[in-house]
Amino acid sequence: MERGELVPDELVVAIVAERISRPDAKYGFILDGFPRTIVQAAALDDILRAAGLRLDSVLELDVDEAALLGRILNRAKDATANGHARADDTEAALRVRLEEYGRQTKPLADYYREQGILKSVDGLQPIDKVASSLLEAIHTQGEGVRYAASSSP
Ligand SMILES: Nc1ncnc2c1ncn2[C@@H]1O[C@H](COP(=O)(O)OP(=O)(O)O)[C@@H](O)[C@H]1O
């Protein structure tokens, strides 16, 4: 994780499966950063199918690599000032995270586009505009929804 690599699928799938099984999840939920691999997405499909549920929307935030690097370095600077720096907020770890994203997570866009539930939002807009675009994408889906948000690496 500190190097920017993904952690094993079995581990994150078990954590998500346990959380989704709790009673409050029946009102709907948002998954942020999961699934990040096709194996995780297939496992999520199985878990939801067994529970009689399905994803309503998958949200993809588009941000170019230069902006990502700037944001990561900014976050590292802020965190260091506040005494809780993340070991993976470095340029070297970001390179690995981007590589993992391209190889393992990006293919999920096609997976969910084929299911007709992928929405892309321009993550380079100002924060309030990103927020309103995400809300708009969600609200076109109706009530009682469950979301998976696939964040940038
Ligand atoms: N779905 C996932 N599958 C595998 N590893 C994950 C997953 N989500 C998070 N991780 C691990 O945690 C690290 C940090 O992820 P995350 O907290 O989502 O980043 P950020 O806070 O920048 O969105 C990842 O680089 C990876 O090592």
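Quick caveat: nothing in here was measured; it's all calculated off a predicted structure.

Glancing now at the overall build of the protein chain. In terms of regular secondary structure, the protein chain is built from six helices and four strands. The helix and strand sequence of the protein chain, counted from the amino end, reads α-β-α-β-α-α-α-β-α-β. Taking 15 Å as the expected radius of gyration for a compact globule of 153 residues, we find that the protein chain reaches 16 Å, a close match to that expectation. In terms of overall dimensions, the protein chain has C-alpha extents of about 45 × 35 × 30 Å along its principal axes. Split into buried and exposed, the 153 residues of the protein chain put 39% on the buried side. Here the contacts in the protein chain between residues at least 6 apart in sequence split such that 76% fall between residues at least 24 apart. A total of about 9,100 Å² of accessible surface is found on the protein chain, and carbon and sulfur atoms cover 57% of it.

This next bit is on the pattern of salt bridges. Should their charged atoms come close, side chains of opposite charge can pair. Under the definition given, this model contains 14 salt bridges. A salt bridge links arginine 3 to glutamate 5, with the shortest nitrogen-to-oxygen separation between them at 3.0 Å. Glutamate 5 sits in the partly exposed class, given a relative accessible area of 35%. Here lysine 106 ties to glutamate 60 by a salt bridge, and the two come within 3.0 Å at their closest N and O atoms. Placement of lysine 106 in the loop between α4 (91–105) and α5 (107–114) and of glutamate 60 in strand β2 (residues 57–62) is noted, with a sequence separation of 46 residues between them. Salt bridges here are not isolated pairs; linked through shared partners, they connect Arg75, Arg86, Asp88, Asp89 and Arg97.

With that out of the way, let us pick up the packing of aromatic side chains. For the coordinates displayed, the defined rule picks out one aromatic pair. When the centroid spacing of 5.0 Å and the interplanar angle of 90° are considered together, the rings of tyrosine 111 and tyrosine 112 count as edge-to-face. Judged by its relative accessible area of 21%, tyrosine 111 is partly exposed.

Taken together, 13 residues surround the ligand, and among them Glu5, Arg36, Gln40, Arg86 and Arg97 come closest. For the ligand, a nitrogen atom lies 3.0 Å from a polar atom in the backbone of valine 7. Separating an oxygen atom of the ligand from a side-chain N or O atom of arginine 75 is a distance of 3.2 Å. Protein chains shield 80% of the accessible area of the ligand, which is 550 Å² for the free molecule. Split into classes, the residues belonging to the shell around the ligand amount to five nonpolar, two polar and six charged.

For glycine 123, the location among the structural elements is in the loop between β3 (118–122) and α6 (127–139). For glycine 123 and leucine 94, which are 29 residues apart along the polypeptide, the C-alpha to C-alpha distance reads 17 Å. Among all residues touching glycine 123, those that are not within four sequence positions of it are Leu61, Asp62, Val63, Arg71 and Val130.

Now for the UniProt feature "binding site: ATP" (unreviewed entry) in the protein chain. If you check UniProt for "binding site: ATP" (unreviewed entry), the listed places come out as Arg75 and Gln125 in our numbering. By the element assignment, arginine 75 lies in helix α3 (residues 65–82). For arginine 75, the contacting residues outside a window of four places in its chain are Arg86, Asp89 and Arg97. Looking at the element boundaries, glutamine 125 is found in the loop between β3 and α6. Not counting residues within four places of it along the chain, the set of residues in contact with glutamine 125 comprises Val130 and Ser133. Reaching out from glutamine 125, the side chain makes a polar contact with the backbone oxygen of aspartate 122 at a distance of 2.8 Å.

Definitions and limits used
Along every chain, residues carry numbers that run from 1 in the direction the sequence is written. Totals for whole chains, interfaces and linings use all residues, but because this is a predicted model, local features are given only for residues with pLDDT of at least 70 and pairs of side-chain atoms are given and counted only at 80 or more. Side-chain figures throughout are based on the complete set of non-hydrogen atoms in the structure, without hydrogens or water. Helix and strand assignments follow DSSP, with helices taken as H or I runs no shorter than four residues and strands as E runs no shorter than two, numbered in order from the N terminus. Here the globule rule reads 2.2 Å times residues to the power 0.38, and the radius of gyration is calculated from C-alpha atoms. Exposure classes here rest on a 1.4 Å probe applied to the protein chains alone. A residue is buried below 20% of its type maximum, exposed above 50%, and partly exposed in between. By the convention used here, residues are in contact when the closest approach between their heavy atoms is within 4.5 Å. Residue burial considers only the protein chains on display, and all accessible areas are found by Shrake-Rupley using a 1.4 Å probe. We count a salt bridge whenever a side-chain nitrogen from Lys or Arg sits within 4 Å of a carboxyl oxygen from Asp or Glu. When two rings of Phe, Tyr or Trp (its six-membered ring) have centres within 6.5 Å they constitute a pair, described as stacked for plane angles under 30 degrees, edge-to-face for angles over 60, and tilted for the intermediate range. Any residue with a heavy atom lying within 4 Å of a molecule or strand is counted as near it. Nitrogen and oxygen atoms within 3.5 Å of one another constitute a polar contact, given that in protein one can donate a hydrogen and the other can accept it, and given that sequence-neighbouring residues count only through two side-chain atoms. By the convention adopted, Pro, Cys, Tyr, Trp, Phe, Met, Ile, Leu, Val and Ala count as nonpolar, Lys, Arg, Asp and Glu as charged, and the other residues, Gly among them, as polar. UniProt positions are given in the numbering used here, feature names are shortened, and annotations may be inferred rather than shown by experiment.

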